[in-house]
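# Coordinate inspection notes
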Amino acid sequence: MRKVIGIGETVLDIIFRNDEPIGAVPGGSVFNGIISLGRAGVPTTFISSTGSDRVGQRIIRFLHENGVDNSQINVYPGSKSPISLAFLNEHNDAEYVFYKDHPRDQLDFSYPDVQPDDVVMFGSFYAVNPVIRPQVQGFLEYARNKGAILYYDVNFRSSHRQEVIKITPYLLENLELAHVVRGSVEDFEVLFKKTDPDAIYRSDVAFYSKKFICTNGARPVQLRAEGGLRKEYPVIKTNTVSTIGAGDNFNAGFVYGLVKNGVSRSMMEQSLPEALWDKLIEQAQQFSANCCQSIDNSIDRAFGLQLQQ
């Protein structure tokens, strides 16, 4: 059976509303999506590192409890796991404060088994962090050479704005490696000082990757792809409790759609039919909408079990 492999950071999200903590949930950009896929019954593996503290132990246990292979998580003795404080505003969007010393980042892992048509999910600052870039790039190239589909979520936050010039070569390498690129308008404002999806696709993405999805909060999802395909999809209306995992679960739903609809690597290297795009975006939106209905960073277990029936 096809599997999904994620590579990214682990963090404990402590969530606040009205400056009072209301929950603490293991998280991380790719991590959140991988947890959702595990709950949906998709074979999953996660590559990362964590501290040797109680937080790290909880994260490793959480992966296992949600059906994710955690054998590629490196634990560094004497190290502390990253913490994120997420302050929800009146729209349930989060403002973050991160506690992590990036120059101390490490990554040491053996490559998991990768088969043709497996999917690799990667993204955020982790995917362009200069300290671990050689290891990340090495694995991405290995997976691509093995016939995997690579899904890249740019997810570049304004807190790293001062590092844009330094990481741009890695960003362009990622765009070239990816079969699908997703990013938010906020990401591209930080990276390219552009907010128009057509301009972003034409000037900064299409040369490297032809399949491009641009999200913009509650505004319609924008799709640009080969053959001049240009389409927008209204966002599913939902009672939002927290938007922390909204984008991460959009990614998970899209990847779930790839697996569920039997989309192969060879198909991804050609133009996809519009009707198939419609299915993939719908699945992505369903995952995202479900995630937003709780302070959990992933789809709920009931929704995951429903998908397995």
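Predicted model only: the values in this text are computed from it and were never measured.

Parameters at a glance
- Residues numbered from 1 in each chain as written.
- Predicted model: local features only at pLDDT ≥ 70, side-chain atom pairs only at ≥ 80, totals over all residues.
- Heavy atoms only, no water.
- Buried < 20%, exposed > 50% of the residue type's maximum accessible area, 1.4 Å probe, protein only.
- Helix = DSSP H or I, 4+ residues; strand = E, 2+ residues; numbered from the N terminus.
- Contact = heavy atoms within 4.5 Å.
- Core = buried A, V, L, I, M, F, W, Y, C linked by side-chain atoms within 4.5 Å.
- 1 Å grid on protein atoms, 1.4 Å probe; cavity = no way out; pocket = protein on both sides within 12 Å on 5 of 7 lines; lining within 4 Å.
- Points joined across faces, edges and corners; volume = space filled by probe spheres on them.
- Nonpolar A, V, L, I, M, F, W, Y, C, P; charged D, E, K, R; others polar.
- Pairing = 2+ DSSP bridges.
- Axes fitted to C-alpha atoms, helices over the stretch in contact; angles between N-to-C directions.
- Polar contact = N/O pair within 3.5 Å; in protein donor to acceptor, adjacent residues only side chain to side chain.
- Salt bridge = Lys/Arg side-chain N within 4 Å of Asp/Glu carboxyl O.

### Points about helix α6 (residues 197-205)
When you tally the buried positions in α6, you get seven out of nine residues, the bulk of the element. Of the positions making up α6, those classed as buried are Pro197, Asp198, Ala199, Ile200, Tyr201, Asp204 and Val205. If you follow the buried residues of α6, they end up packed against α4 (164-177), α5 (185-192), β11 (212-216), β12 (219-225) and β13 (229-233).

### Considering the environment of Glu282
Secondary-structure assignment places Glu282 in helix α9 (residues 274-291). Remark: the alpha-carbon pair of Glu282 and Ile236, spanning 46 residues in sequence, is separated by 8.9 Å.

### Section: the side chain of Ser36
Assignment of secondary structure puts Ser36 in helix α1 (residues 29-39). Apart from residues no more than four positions distant in its own chain, Ser36 is found in contact with Asn249, Ala252, Phe287, Ser298 and Ile299.

### Some details on the nonpolar core
Ranked by internal contacts, the top residues of the largest apolar core, which has 49 residues, are Val4, Leu37, Phe46, Ile213, Phe254, Trp277 and Phe287. Residues in contact with Trp277, not counting those within four places in the same chain, are Lys211, Ile213, Leu223, Ala225, Leu229, Tyr233, Phe254 and Leu272. Within the second largest apolar cluster, 40 residues are counted, among which are Val114, Val136, Val164 and Leu171.

### Let's talk about empty space enclosed by the protein
Considering all chains together, one arrives at one cavity of 30 Å³ or more under this definition. By volume, the largest cavity amounts to about 40 Å³. Breaking the lining of the largest cavity down by element, the ones donating at least two residues are α1, β8 (119-123) and β9 (149-153). Among the residues forming the lining of the largest cavity, the class breakdown is four nonpolar, two polar and one charged.

### Thoughts on the sheet that holds strand β7 (residues 94-99)
Spatially, the four strands line up as an open sheet ordered β3-β2-β6-β7, and their pairing is mixed. Two strands in the sheet have a free side with no partner beyond their single neighbour: β3 (20-27) and β7. Averaged over neighbouring strand pairs, the angle between their axes works out to 20° when direction is ignored. Pairing between strand β2 (residues 11-17) and β3: seven bridges, direction antiparallel. Its bridge partner being in β3, Val11 is matched across the sheet by Gly27. Its contacts with the sheet put helix α2 (residues 54-65) on β2, β3 and β6 (83-88), and the angle it makes with β3 is roughly 60°.

### Overview of the side chain of Ser124
Note on placement: Ser124 falls in the loop between β8 and α3 (133-145). Among the polar contacts made by the side chain of Ser124, one reaches the side chain of Glu9 at a distance of 3.2 Å.

### Thoughts on the pattern of salt bridges
Tallied over the entire structure, the rule returns 15 salt bridges. Note that Arg224 and Asp198 form a salt bridge whose closest N and O atoms lie 2.7 Å from each other. Of the two residues, Arg224 is situated in strand β12 and Asp198 in helix α6; the sequence distance between them amounts to 26 residues. Residues participating in the shared-partner salt-bridge network are Lys3, Asp113 and Asp118.

### A look at α5
Within α5, six of the eight residues are buried, which leaves it mostly tucked inside the rest of the structure. Those residues of α5 lying buried are Val185, Asp187, Phe188, Val190, Leu191 and Phe192. Those residues of α5 that are buried are in contact with α4, β10 (180-184), α6 and β11. Looking one or two places after α5, you find Lys193, whose phi comes out positive at around 55°.

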